[in-house]
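What follows is the residue order along each chain.
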Amino acid sequence: MATDSHNSWDARASAHSLYGFTDLPTIHERGAVVLTHGKGPYVYDVTGREYLDANSGLWNMVAGFDHPGLTEAAQAQYARFPGYHAFFGRMSDQTVMLSERLIEVSPFERGKVFYTNSGSEANDTLVKMMWFLGRAEGHPERRKILTRVNGYHGVTAVSASMTGKPYNALFGLPLPGFIHLTCPHYWREGRPGETEAAFTARMARELEETIIREGPDTIAAFVAEPVMGAGGVIPPSEGYFQAVQPVLRRYGIPLVADEVICGFGRTGTVWGSENYDFVPDAIISSKNLTAGFFPMGAVILGPELSDRLQAASEAAEEFPHGFTASGHPVGCAIALKAIDVILNEGLIENVRALTPRFEAGLARIAEKPNIGEWRGKGLMGAVEAVADKETKTPFAGHLSVSERIANACTDVGLICRPLGQAVVLCPPFIMTEGQMDEMFDKLDHALDTVFAEVG
Ligand SMILES: *Cc1c(COP(=O)(O)O)cnc(C)c1O
């Protein structure tokens, strides 16, 4: 029993708390990990065990778990003004300053920002903005949202409908009008003999055929992560955004970049879209926005969508939407500091400096007979476990390879979450070379243990 082999924290965790995205039978068998604190890229559990967190919490604790500047920014703002909203024409000075800063670092020469408490809510907000615009502009039928299979956009009813994962069927989702295009993953989706260029052209053709089939006037937006994150770290095929952009322009469909993971440095540039040379019409931000120190999301609209939303809101007298804690002054103060830390304290430079070592580590892991490919961009990477490298056949589900890998990793003091059969690494930006070597050594060990059992 978990309660005997672990301490009472484990029993208490499971008695009254629900977990997100958790294999419950495994937890009953192995017990929960209950954490008390962190230091740099490490976290510590109630028994004092140390884990190197190769996933930055959930991608977001990019400045580590104890950045003093972020804690001080929070404490100072709590002392000054611990809470306010952004309704009825009132907002805190911190909120005003954060919006200015976000537009300054955005690819937009001007624009407007709407705050939420999470990435899911930011995507919901974007969709509601598009629906609101459609009606205000005399196109109430313009409601459909295009995303991709394996795209992850959140868990609320609308953002889950945008997310292209099979588990959403368990909720009877997606809602009608949410359309998922093929995942632009050449290694997995490319046809025999198809070149990467031909694959990319096929993705653009599918987009155009879908728009025509559904009716161009019914499509409100195309939303895409520059690099898919929670879908298993999937960079787009070569030339993908260059190929889809002209199609979207032809039909006047806004391109929205969901930068919740990529934004603020994960891929080595401020925005993931910079890496793929495109300027979106709007950006969704969260996670790194506060370096994980506060729940916050933002919809950043470029000039055209800002003007249209302004006009539509004037016509309707208001934009009837907002969350009680939207634009929270403490969250905004933390975000201002987090942006400063990421851009001006060498974090983004460290991402760039560490990328070659990170890629070499992934490539070394991918030499194993049971790893099909490695992929990545900046400090987000994945290796994909396969039963057969030639045919790319995944391990049979009953072997629970991903759970085994997660468990073997925690056994060696590494936190590293498999997504499907891909093992995802997204270390904090403050990682040192030594810590990166430790991360790969531990993963190497854990994978050898698992493949010896199932390979
Ligand atoms: C995590 C994530 C979201 C959802 O954010 P939450 O804060 O968990 O609601 C949306 N989009 C992307 C790309 C994400 O990675």
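Residues numbered from 1 in each chain as written. Predicted model: local features only at pLDDT ≥ 70, side-chain atom pairs only at ≥ 80, totals over all residues. Heavy atoms only, no water.

Draft legend 1. Quick peek at the packing of aromatic side chains. Counted by the stated rule, this structure contains 13 aromatic pairs. Ring centres of Phe-241 and Tyr-276 lie 6.2 Å apart, and the angle between their planes is 45°; this geometry places the pair in the tilted category. Here Phe-241 is found in helix H11 (residues 240-250), whereas its partner Tyr-276 is found in the loop between helix H12 (272-275) and strand S9 (282-285), with 35 residues between them in sequence. Between Phe-395 and Phe-451, the aromatic rings sit 6.0 Å apart at their centres with planes inclined by 15°, giving stacked as the arrangement. Here Phe-395, found in the loop between strand S12 (380-385) and helix H16 (401-411), pairs with Phe-451, found in helix H17 (residues 433-454); they are 56 residues apart in sequence, far enough to count as distant. Through a chain of ring-to-ring contacts, three or more aromatic side chains come together here, namely Tyr-240, Phe-241, Tyr-276 and Phe-278. Against the face of Trp-131 rests Arg-143, its NZ or CZ located 4.1 Å from the ring centre. (Phe/Tyr/Trp six-rings, centres within 6.5 Å; stacked < 30°, edge-to-face > 60°. Helix = DSSP H or I, 4+ residues; strand = E, 2+ residues; numbered from the N terminus. Lys NZ or Arg CZ within 6 Å of the ring centre and 35° of its normal.)

Draft legend 2. Inspection of the environment of Ile-348 at higher detail. Mapped onto the elements of the fold, Ile-348 is located in helix H15 (residues 347-365). Residue class for Ile-348 comes out buried when judged on its relative accessible area of 4%. Beyond its immediate sequence surroundings of up to four residues, Ile-348 is in contact with Gly-265, Gly-268, Thr-269, Val-270, Ile-342 and Leu-343. (Buried < 20%, exposed > 50% of the residue type's maximum accessible area, 1.4 Å probe, protein only. Contact = heavy atoms within 4.5 Å.)

Draft legend 3. Highlighting unusual backbone geometry. Residues Leu-173 and Pro-174 are joined by a peptide bond in cis, for which omega reads 10°. Mapped onto the elements, Pro-174 comes out in the loop between helix H8 (157-162) and strand S6 (178-181). We note that Asn-150 has phi near 80°; this positive angle belongs to a residue other than glycine. Structurally, Asn-150 is set in the loop between strand S5 (144-148) and H8.

Draft legend 4. Here's a closer look at helix H7 (residues 119-136). Here H7 spans 25 Å end to end across 18 residues, near enough to the 26 Å set by a 1.5 Å rise per residue. Within H7, 15 of the 18 residues are buried, which leaves the element mostly enclosed by the surrounding structure. Where H7 starts, the residue carrying a side-chain oxygen 3.5 Å from the main-chain nitrogen of Ser-120 turns out to be Ser-118. (Expected span 1.5 Å × (residues − 1). Polar contact = N/O pair within 3.5 Å; in protein donor to acceptor, adjacent residues only side chain to side chain.)

Draft legend 5. Broad picture of the pattern of salt bridges. For the coordinates displayed, the defined rule picks out 20 salt bridges. Between Glu-438 and Lys-442 there is a salt bridge, with the nearest N and O atoms lying 2.9 Å from each other. With Glu-438 and Lys-442 both in helix H17, this residue pair falls four residues apart, about one helical turn. Since its relative accessible area comes to 21%, Glu-438 is described here as partly exposed. Residue class for Lys-442 comes out buried when judged on its relative accessible area of 19%. In this structure, a network of salt bridges that share partners links the residues Glu-137, Arg-142, Glu-304 and Arg-308. (Salt bridge = Lys/Arg side-chain N within 4 Å of Asp/Glu carboxyl O.)

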